[in-house]
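Notes for the structure review
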Amino acid sequence: MIRWILSCVTSTSFSICVNGNLHGFFKGRRGLRQGDPMSPYLYTLVMEVLTLYLQKKAALGNPCFRYHQLCEKEKLINLCFADDLFFFARGDTSSTSILMEVLNAFKEMSGLVPSLPKSTVFFCNVSDHVKQAILQILPFEEGKLHVRYLGVPLISTRLVYRDCKVLVERMEKRISDWRNKSLSFARRLQLINSVLSSLHTYWASVFILPKSIIADLERKMRGFLWYQGDMKRGKAKVSWKIVCLPKYEGGLGIRRIEDSNTALMAAHVWSIITNRKSLWVQWIHSNRLKGRSFWDVPLRAGASWGWRKLLQLRSTFRPFFYSRIGNGLSTSAWFDSWCKLGPLSSIITPRKIKRPTAWYDLYPVLIPVTPPNLSTDRNDTLIWRDENGVEKLFSASIVWDSIRYKQPEVWMLVRSFAKMDHVAALLDDIIAWLISISSGSSISSVVGRLVFAASAFFVWQERNNRLYSNKMRTTAQIRDVILSTVRSKLHGMKLKDTSAAKRLIEEWKLPSMLIMKNEVAE
């Protein structure tokens, strides 16, 4: 294995690109280039040595090393991602000395040296004299929380506007780059869906964003969509709630940030309930749930801000989580939804839980519920059910579609709209008008075009009123407004004294003064 790795590292060739052309080559014998696909694998192998060395030091029963208070159950000492490395230990000199001893030994084995200017030590509830003693052991500077890691702030307190202001600044920079370009409405919409809507996705998958940040981001998006700049009052043609509907519901397909943020948080809840193999999930079960159901754990004031916000979303997600029982080992009979009535804890009071013989008398709604048939060879399965009870494969997109604001699908509205008797009669009348007046003299052709234009406009207007304003006019009202509009246009015409003009005057009940006698009509 080692020879294979060395062959991959030392047998490579590199060329130099000058003015777009490759010139010569040389053998690679001093290591991997930056961005080489082998780097993550080799780094993982090397850092695994450090992890095993640390675990060995702690597993030997060394009384000098003490785990961090919140890492003791998982026996967690270090975390690493790319070239970032975290050490966790109790704030005392003996634990710090062991960490430094391991770090020096690892440096001699691997040749990897920590960057002192970029290394920092953080303290929490450590007395000043112990802090100074630890700083004498560690050649690092003392840092102050909060600190950014992987692009987001490491913070346990409430996330405020200034912590997320970078998201607004990024969106402003993008819009400023596009503002001087002549972009059509369709292009601006495409940029919002493909670029602006993804700038906050990473943050939204980690934190529940503050409402002020969400409002600012959506204000920037609205301004760019309608005005190609800052949002101004009266410039929006349609409410933002309607714009953010899918296209098949009459919107433009933009996703609201708050709905997307909530849907991404559902992935964390799903991981917790399914007990996904993850260090974070393991930590949550050990330090937060402590054997209790996620739906039952109390919302305590002393919990971190992020955990409290996640628990507050339980009422949003709970109707969609359903347990299909197999052996029953991972399903809570009281707090999970495994029957059509939902969780039994919402029906049976805690006092009555211990008296199952009286349930049917006190709660007749339980009579249709049959106990599940347990199967030892089949595990329980967690299922996502939408608002219609349809089982779907869990994903953030499915969650978003289940919790967002909805309107009837446009094609269903059009179909029902076309099936209405009064609308069908209206369309029949329009067709009859066109057939009767579009053929023949030029006067009839002009009137036919007027009728067609007025009919198309007011039918379109009626469609929008029914979709967006929930307003509806009768057939007679629509017909009258079409006739009134066409008649108003005809009042401005001057007609020759012909039989067609007289017939038009009679049919549309126009004043006879529109016919010019012994004059040339304009």
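First, a word on scope: everything that follows refers to the structure included in this document. This is a predicted model, so every value here is computed, not measured.

**Remarks on the overall build of the protein chain**
Across its full length, the protein chain carries 20 helices and 13 strands. The C-alpha radius of gyration computed for the protein chain amounts to 36 Å, which surpasses the reference 24 Å derived for 522 residues by more than 25%, pointing to a less compact arrangement than a globule. On the principal axes, the C-alpha backbone points of the protein chain span a range of 120 × 85 × 50 Å. Per element, the accessible surface of the protein chain, about 32,800 Å² overall, is 56% carbon and sulfur.

**Observations regarding the layout of surface pockets**
Once rolled over the atoms, a probe with the size of a water molecule shows which space is left empty. Considering only enclosed or pocket space, the second largest pocket measures out at about 430 Å³ in volume. Residue lining of the second largest pocket: 20 residues in total, with Ile272, Ile273, Thr274, Ser330 and Asp336 positioned closest to the centre. Sorting the residues of the lining of the second largest pocket by element identifies helix H10 (257–274), helix H11 (279–289) and strand S10 (381–385) as the ones contributing at least two each. Top contributing element to the lining of the second largest pocket by residue count: H10, with 3 residues. Residues of the lining of the second largest pocket, tallied by class, amount to 6 nonpolar, 11 polar and 3 charged.

**Structural notes on the environment of Met38**
Locating Met38 in the fold gives a position in the loop between strand S2 (21–27) and helix H2 (39–59). Linking Met38 and Ile478, residues 440 residues apart in sequence, is a C-alpha distance of 71 Å. Those residues in contact with Met38 that lie beyond four places of it in its chain are Ile5, Cys8 and Leu32.

**Structural notes on the side chain of Arg404**
Inspection of the secondary structure assignment puts Arg404 in the loop between helix H15 (396–403) and helix H16 (410–419). Taking relative accessible area as the criterion, Arg404 reaches 7% and is therefore assigned buried. Within the structure, Arg404 has its side chain in polar contact with the side chain of Glu249 (distance 2.8 Å). At 3.0 Å, the side chain of Arg404 and the side chain of Asp401 are in polar contact.

**Some details on the pattern of salt bridges**
One pass over the structure, following the stated rule, counts 16 salt bridges. Glu391 is paired through a salt bridge with Arg324; the nearest N and O atoms lie 2.5 Å apart. Of this pair, Glu391 sits in strand S11 (residues 391–392) while Arg324 is found in strand S9 (residues 321–324), placing the two residues 67 residues apart along the sequence. For Glu391, a relative accessible area of 38% gives the class partly exposed.

**What to know about the sheet that holds S10**
Judged by pairing direction, the sheet is antiparallel, and its 3 strands sit side by side in the order S9-S10-S11 without closing on themselves. Because the sheet does not close on itself, it has two edges, and the strands there are S9 and S11. Two elements, S9 and S10, share 4 bridges in a ladder whose sense is antiparallel. Each bridged residue has a counterpart across the sheet, and for Arg324 the counterpart in S10 is Thr381. On the sheet, H10 packs against S9 and S10 and is oriented at approximately 155° with respect to S10.

What counts, and at which threshold
- Residues numbered from 1 in each chain as written.
- Predicted model: local features only at pLDDT ≥ 70, side-chain atom pairs only at ≥ 80, totals over all residues.
- Heavy atoms only, no water.
- Helix = DSSP H or I, 4+ residues; strand = E, 2+ residues; numbered from the N terminus.
- Rg over C-alpha atoms; globule rule 2.2 N^0.38 Å.
- Areas by Shrake-Rupley, 256 points an atom, 1.4 Å probe, with all protein chains shown as cover.
- 1 Å grid on protein atoms, 1.4 Å probe; cavity = no way out; pocket = protein on both sides within 12 Å on 5 of 7 lines; lining within 4 Å.
- Points joined across faces, edges and corners; volume = space filled by probe spheres on them.
- Nonpolar A, V, L, I, M, F, W, Y, C, P; charged D, E, K, R; others polar.
- Contact = heavy atoms within 4.5 Å.
- Buried < 20%, exposed > 50% of the residue type's maximum accessible area, 1.4 Å probe, protein only.
- Polar contact = N/O pair within 3.5 Å; in protein donor to acceptor, adjacent residues only side chain to side chain.
- Salt bridge = Lys/Arg side-chain N within 4 Å of Asp/Glu carboxyl O.
- Pairing = 2+ DSSP bridges.
- Axes fitted to C-alpha atoms, helices over the stretch in contact; angles between N-to-C directions.

Take it as geometry only, folks, not as evidence of what the structure does.
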